[in-house]
Amino acid sequence: MARVTKNIKAEKQAKVSRVLTFSCVDGPGNRLVLFLQGCNFDCITCHNPHTINHCNHCGDCVPECPSEALTQNSESGTVTWYPEKCTHCDKCIDVCSHKSSPKISLMTVSDVLEIARENQFFLSGVTISGGEATMQLPFIIELFKAIKTDPQLSHLTCFIDSNGSLSSEGWSRVLPYLDGAMIDLKSWQNETHQWLVGRENHRVLSSINFLAEHQKLHEVRLLHIPGKSDLDTEVEQVGRYLSSLPETVAIRLNAFQHHGVIGEALNWSKCTKQQMNEFHDQLFAYVQRPMLTPQVYT
């Protein structure tokens, strides 16, 4: 469990895996990004698998920490992280077999607002990512509401990066304070989606449709995994579906790579630039609009 570095006030708080004060790849412009801990998907291809589960305090990471930034209470068994000692070598993440991290901070809405104010003149907005951000929806709603009502910060746009698993009722709660959402469409067939992430995709498609209807869908992202996903074998249906979305919605094609991936997917072939170009051209025949493709293949 993370060590709390500040007094927690009587306000919403979140379990945060990482904070980026400047990012140009998590929504439009330059953004403050919070990566929240915990996810309800278990994607085989996840490049941040340490954000899926919460620490179970097994203690395996404690003796592996070279800077002694982790301790385990002999009585309660609780693992505590000391960020002032941490060098962020990520050895603890590497040895964790639970798809988690002990380096989690509890942050209140006020904590995040303070960071936003410090960087407000350099920011276009705030993006909440994960893990799966919407699993901590009450915190997001309170944070976005606070941003929208703060004279210093109201110019910032509020975005959510999501796997699309939130219900329409959940999206309705955050909708008044939301400027845009980025949703992953990982496969077309429900069976393939179940295999890739452990859950069906009906809710994902529902989220995309709901957000598009309310002009809150900023981007739909497709991960091309040659020979594994079905986005290329179902290209006509996928393409016609994407073409039905508003012209304002960006479509981003991502290429499967090995960065951060663990387990069986490391044995899968990476998506090459040629394969991505072929996939793009197949989709374009039906979408007939610009689609973003990777600039770098690693």
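Residues numbered from 1 in each chain as written. Predicted model: local features only at pLDDT ≥ 70, side-chain atom pairs only at ≥ 80, totals over all residues. Heavy atoms only, no water.

1. Observations regarding the sheet that holds strand β7 (residues 157-162)
By way of backbone hydrogen bonds, the strands of a sheet pair with one another, either parallel or antiparallel.
Point 1. If you trace the eight strands from one edge of the open sheet to the other, you get β5-β1-β2-β6-β7-β8-β9-β10, paired in mixed fashion. In this open sheet, the two edge strands, each paired with only one partner strand, are β5 (105-108) and β10 (250-255). Mean inter-strand twist for the sheet, computed between neighbouring axes without regard to direction, equals 30 degrees.
Point 2. Bridging between strand β6 (residues 125-129) and β7 involves four bridges; their strand directions are parallel. (Pairing = 2+ DSSP bridges. Helix = DSSP H or I, 4+ residues; strand = E, 2+ residues; numbered from the N terminus. Axes fitted to C-alpha atoms, helices over the stretch in contact; angles between N-to-C directions.)

2. Considering the pattern of salt bridges
Point 1. Enumeration according to the criterion identifies 11 salt bridges in this entry.
Point 2. Across the pair Asp-179 and Lys-148 runs a salt bridge whose closest N-O atoms are separated by 2.5 Å. A residue pair is termed long-range when its members are at least 10 positions apart, and Asp-179 in the loop between α4 (168-174) and β8 (180-185) and Lys-148 in helix α3 (residues 137-148) qualify at 31 residues.
Point 3. Residue Lys-148 is classed as partly exposed on the basis of its relative accessible area of 28%.
Point 4. Through salt bridges that share partners, Asp-161, Asp-184, Lys-186 and Arg-221 make up one connected network. (Salt bridge = Lys/Arg side-chain N within 4 Å of Asp/Glu carboxyl O. Buried < 20%, exposed > 50% of the residue type's maximum accessible area, 1.4 Å probe, protein only.)

3. A closer look at the side chain of Asp-230
Point 1. Residue placement: Asp-230 occurs in the loop between β9 (217-224) and α7 (235-243).
Point 2. Despite its burial, Asp-230 pairs with no opposite charge, the nearest such side chain being Lys-186 at 12 Å.
Point 3. A distance of 3.1 Å separates the side chain of Asp-230 from the side chain of Thr-192, its partner in a polar contact.
Point 4. Apart from the residues within four sequence positions on either side, Asp-230 is in contact with Ser-187, Trp-188, Gln-189 and Thr-192. (Lys, Arg positive; Asp, Glu negative; His and termini not counted. Polar contact = N/O pair within 3.5 Å; in protein donor to acceptor, adjacent residues only side chain to side chain. Contact = heavy atoms within 4.5 Å.)

4. A short note on a nonpolar patch on the surface
Point 1. A cluster of nonpolar residues, Phe-22, Phe-121 and Phe-122, forms a patch on the protein surface that exposes about 400 Å² of accessible area.
Point 2. Tracing the chain through its elements places Phe-122 in the loop between α2 (109-118) and β6. (Patch = residues over 30% accessible without salt bridge, like charges linked within 9 Å, V, L, I, M, F, W, Y side chains within 5 Å. Areas by Shrake-Rupley, 256 points an atom, 1.4 Å probe, with all protein chains shown as cover.)

5. What to know about the environment of Gln-295
Point 1. Inspection of the secondary structure assignment puts Gln-295 in the segment after α8 (273-287).
Point 2. Placed 74 residues apart in sequence, Gln-295 and Arg-221 show a C-alpha to C-alpha distance of 15 Å.

6. Structural notes on the packing of aromatic side chains
Point 1. Within the structure shown, the criterion is met by four aromatic pairs.
Point 2. Their ring planes at 55 degrees and their centres at 5.5 Å tell us that Trp-188 and Tyr-241 sit as a pair that is tilted. Highlighted residues: Trp-188 in the loop between β8 and α5 (190-197) and Tyr-241 in helix α7, separated in sequence by 53 residues. With respect to class, Trp-188 is no different from Tyr-241; both count as buried. (Phe/Tyr/Trp six-rings, centres within 6.5 Å; stacked < 30°, edge-to-face > 60°.)

7. Side note on the UniProt feature "domain: Radical SAM core" (unreviewed entry) in the protein
Point 1. Feature annotation in UniProt assigns "domain: Radical SAM core" (unreviewed entry) to the following positions: residues 25-290.
Point 2. The span residues 25-290 carries 29% helix and 18% strand; its end-to-end C-alpha distance comes to 18 Å. (UniProt positions renumbered as here; feature names shortened; annotations may be inferred.)

8. Brief notes about the domain arrangement of the protein
Interface size is commonly expressed as the accessible surface area that is lost when the partners come together.
Point 1. For the protein, the assigned domains read domain 1 (13-52 + 107-287) and domain 2 (55-103).
Point 2. Interface area for domain 1 against domain 2, summed over the two sides, is near 480 Å², with a carbon-plus-sulfur share of 52%.
Point 3. Scanning the region where domain 1 abuts domain 2 turns up one salt bridge.
Point 4. A salt bridge links Lys-99 to Asp-42; the nearest nitrogen and oxygen atoms lie 2.7 Å apart.
Point 5. The tally of links from domain 1 across to domain 2 stands at one residue pair in polar contact (both at pLDDT 80 or more).
Point 6. Residues belonging to the side of domain 1 that touches domain 2 are distributed by class as follows: four nonpolar, four polar and one charged. (Domains from an automatic or database assignment. Buried area = accessible area lost by both parts, 1.4 Å probe. Nonpolar A, V, L, I, M, F, W, Y, C, P; charged D, E, K, R; others polar.)

9. Brief notes about unusual backbone geometry
Point 1. The residue after Gly-130, namely Gly-131, is reached through a cis peptide bond having omega 20 degrees.
Point 2. Mapped onto the fold, Gly-131 is located in the loop between β6 and α3.
Point 3. We note that Lys-99 has phi near 55 degrees; this positive angle belongs to a residue other than glycine.
Point 4. Note that Lys-99 resides in the loop between α1 (91-95) and β5.

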